[in-house]
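Single-letter residue listing:
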Amino acid sequence: MNSSTPDAIPQLNRPLAKPILPMLFAIIGPFIGWVGALMVLGSIFVPGLVAISRTAKLLMAIGPVLTAPGLIRAGWVQQQPSWVIGAAAFIPCWTLFFAVPAKEDLAIGILIFMVGFLFAGLSNDVAPEKRQFNLSQWNPVGFLGFIKDDILLTFKIAFQGFALLLLYPAQLVVSLLQGKGLPAMPWVFSPDHLWASRRMGAFTFSLAGLCSIVANTVPEAHAIGTQLYNIVGGVGAVMMNYSLFNTGLKGKHWLEKLLLFGSVFATIGSSARSMPWGVALDQFGSRLNEMYYSGLDMIKEKE
């Protein structure tokens, strides 16, 4: 009887290890970053907490760095190269953010630019015709070709989406004058086409990041670059988080429900990323969203 006991224990533990390890990957990093962002917010609005601001920024930076392996793993499992390189950028960007305080804004700008690639992968994952690339069979030419096609598709959807958005006011006026009521919103904003709003979010995030990079490297363009960064970043956050919020509404897994809160906080914070509280609030919401990204394969296993 005693000789069978050692064999029985691994058999009992084996089923538990499979869900627990990915869950830890999905939660630990984002949770640390979430706590750090909360502490940064506290140090900004509560004078007595200023002393912890450096520690708070350390946690806010360490959280995404620890999140990166889980995000990379999730992108690898979903066979999305753009997702993988976007997630990999977390490590150098957040290291620069904390290690060189004078370059904080530049680090966030580069990060926002690279997050556009992550969102392109998230768009592919929910698209009707899912685009995938087998990352386990290393093919540099195919890899770069896939990234190029992702970029071109992002530009295409962004052009269509913004063109439809600009035409919508005229359609609204004509429809009301004809007594037909409100016209349907452009298809790129339909809850049935969340992949398109994610793709538009990818475009606007990368564009906002580019504005920030210019603002923080070209002194003459700092003022206008910062203004564009806030405006374009706010528009991108609305588009991307609109998609995530709808995913949370439809989802049944608790990780999906986190999107209902994360998307709102990230949208508000991203419209004021040039302010310390905006960055912190954006990261507060983003860490909640990243628990969903990192645990996506666990969600799919239960569906």
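Quantities reported herein were computed from a predicted structural model and do not represent experimental measurements.

Rules used throughout
Residues numbered from 1 in each chain as written. Predicted model: local features only at pLDDT ≥ 70, side-chain atom pairs only at ≥ 80, totals over all residues. Heavy atoms only, no water. Helix = DSSP H or I, 4+ residues; strand = E, 2+ residues; numbered from the N terminus. Buried < 20%, exposed > 50% of the residue type's maximum accessible area, 1.4 Å probe, protein only. Areas by Shrake-Rupley, 256 points an atom, 1.4 Å probe, with all protein chains shown as cover. Phe/Tyr/Trp six-rings, centres within 6.5 Å; stacked < 30°, edge-to-face > 60°. Lys NZ or Arg CZ within 6 Å of the ring centre and 35° of its normal. Expected span 1.5 Å × (residues − 1). Polar contact = N/O pair within 3.5 Å; in protein donor to acceptor, adjacent residues only side chain to side chain. Patch = residues over 30% accessible without salt bridge, like charges linked within 9 Å, V, L, I, M, F, W, Y side chains within 5 Å. Salt bridge = Lys/Arg side-chain N within 4 Å of Asp/Glu carboxyl O.

### Notes on the overall build of the chain
In terms of regular secondary structure, the chain is built from 11 helices and zero strands. When the helices and strands of the chain are read in sequence order from the N terminus, they spell out α-α-α-α-α-α-α-α-α-α-α. Out of the 303 residues in the chain, the part that is buried amounts to 47%. Surface summary for the chain: the accessible area is close to 14,800 Å², and the carbon and sulfur share equals 73%.

### Description of the packing of aromatic side chains
In this structure the tally under the stated criterion is 12 aromatic pairs. Three or more aromatic residues link up through ring pairs in this structure, and these residues are Phe-31, Trp-34, Phe-265 and Phe-284. The residue whose ring lies beneath Arg-54 is Phe-98, and the NZ or CZ to ring-centre distance is 4.1 Å. In this arrangement the basic side chain of Arg-131 is found over the ring face of Phe-146, its NZ or CZ atom lying 4.2 Å from the centre.

### Focus on helix H7 (residues 194-215)
Between its first and last C-alpha atoms H7 spans 31 Å; for 22 residues at 1.5 Å apiece the expected length is 32 Å, and the two agree. Taking burial as the measure, the 22 residues of H7 include 18 buried ones, the bulk of the element.

### Focus: the side chain of Thr-204
Mapped onto the elements, Thr-204 comes out in helix H7. A distance of 3.2 Å separates the side chain of Thr-204 from the backbone oxygen of Gly-201, its partner in a polar contact.

### Some points on unusual backbone geometry
With the exception of glycine, most residues fall at negative phi, and the peptide bonds are largely trans. Look at Gln-79: it is not a glycine, yet its phi comes out positive at around 60°. Checked against the element boundaries, Gln-79 lands in the loop between helix H2 (53-77) and helix H3 (81-88).

### A word on a nonpolar patch on the surface
A contiguous nonpolar patch, built from Leu-24, Ile-28, Leu-58, Ile-62 and Leu-66 and spanning about 370 Å² of accessible area, is present on the exposed surface. The biggest single contributor to the nonpolar patch is H2, with three residues. Inspection of the secondary structure assignment puts Ile-62 in helix H2.

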